[in-house]
Amino acid sequence: MAIKYWEFEDAPLKEKLKNVNVKDVAKVFFDNETEAYRFSLLLTEVKKKGQLRLKEVPESIPIATAKRYLDYAVQIGLLKHEDNAYSLTDRFSKPFRNIATYIKAWMDSQQAEDLSVQFATANMNKQMKRGGRVSAPSTPEQNLDAQQ
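Values in this document were obtained by computation on a predicted structure and should not be read as measured data. (Residues numbered from 1 in each chain as written. Predicted model: local features only at pLDDT ≥ 70, side-chain atom pairs only at ≥ 80, totals over all residues. Heavy atoms only, no water.)

A.B. asks: Looking at this model, I keep getting lost on a nonpolar patch on the surface. Mind explaining?
C.D. replies: Residues F96, I99, I103, W106 and M107 make up a contiguous nonpolar surface patch of about 530 Å² in total accessible area. Relative to the helices and strands, I103 resides in helix α5 (residues 93-108). (Patch = residues over 30% accessible without salt bridge, like charges linked within 9 Å, V, L, I, M, F, W, Y side chains within 5 Å. Areas by Shrake-Rupley, 256 points an atom, 1.4 Å probe, with all protein chains shown as cover. Salt bridge = Lys/Arg side-chain N within 4 Å of Asp/Glu carboxyl O. Helix = DSSP H or I, 4+ residues; strand = E, 2+ residues; numbered from the N terminus.)

A.B. asks: Even after reading the chapter, I still don't get the pattern of salt bridges, so can you show me in this structure?
C.D. replies: Any two side chains of opposite charge can pair, so long as their charged atoms come close to each other. Applying the stated criterion to the full structure yields five salt bridges. The residue K104 makes a salt bridge to D108 at a minimum N-O spacing of 3.4 Å. Taken together, the residues K104 and D108, both in helix α5 and four residues apart, mark about one turn of the helix. With a relative accessible area of 47%, D108 lands in the partly exposed category. (Buried < 20%, exposed > 50% of the residue type's maximum accessible area, 1.4 Å probe, protein only.)

A.B. asks: For this particular structure, what's the right way to read the pairing of strand β3 (residues 85-88)?
C.D. replies: When a strand is regular, its side chains alternate between the sheet's two faces. Relative to β3, strand β1 (residues 51-52) is paired through two bridges, and the arrangement is antiparallel. In the sheet register, L52 faces β3, and the bridge partner there is Y86. Relative to β3, strand β2 (residues 79-82) is paired through four bridges, and the arrangement is antiparallel. Residue pairing in the sheet places L79 in a bridge with L88 of β3. Taking the residues between adjacent antiparallel strands as the criterion, β2 and β3 are bridged by two residues, where D83 takes a positive phi near 55°. (Pairing = 2+ DSSP bridges.)

This is how it looks when you write it as structure tokens:
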């Protein structure tokens, strides 16, 4: 997600609320202009028609692509999918406020945390080099080892 927090602070938000558009919504979720356009087009169609079925998707977007974008909108809480139709819903705003509240509570807490317990299955070792330049040995002994 490409949330630029300063655009949604109090003063900028008041200015943005005077002229709302779907581009700002899509740009939160997609950095790519084409992806944001497709997402915006589908959200606009859902808003115009009240609900959108896959067979009613505009011809400029393939049905498989539209399904992927619409399912993503369902996953993040902008749309709901019932009776083979997508429609607008508001499952997004309350959980987002709850996330902000949780982050603020974590920032204010003084509790010590053990990350090795919280991320027990994570790989904690340094990754092996997968390519790129070979580092040159810095000592004569390493030069001999590298040649052998």
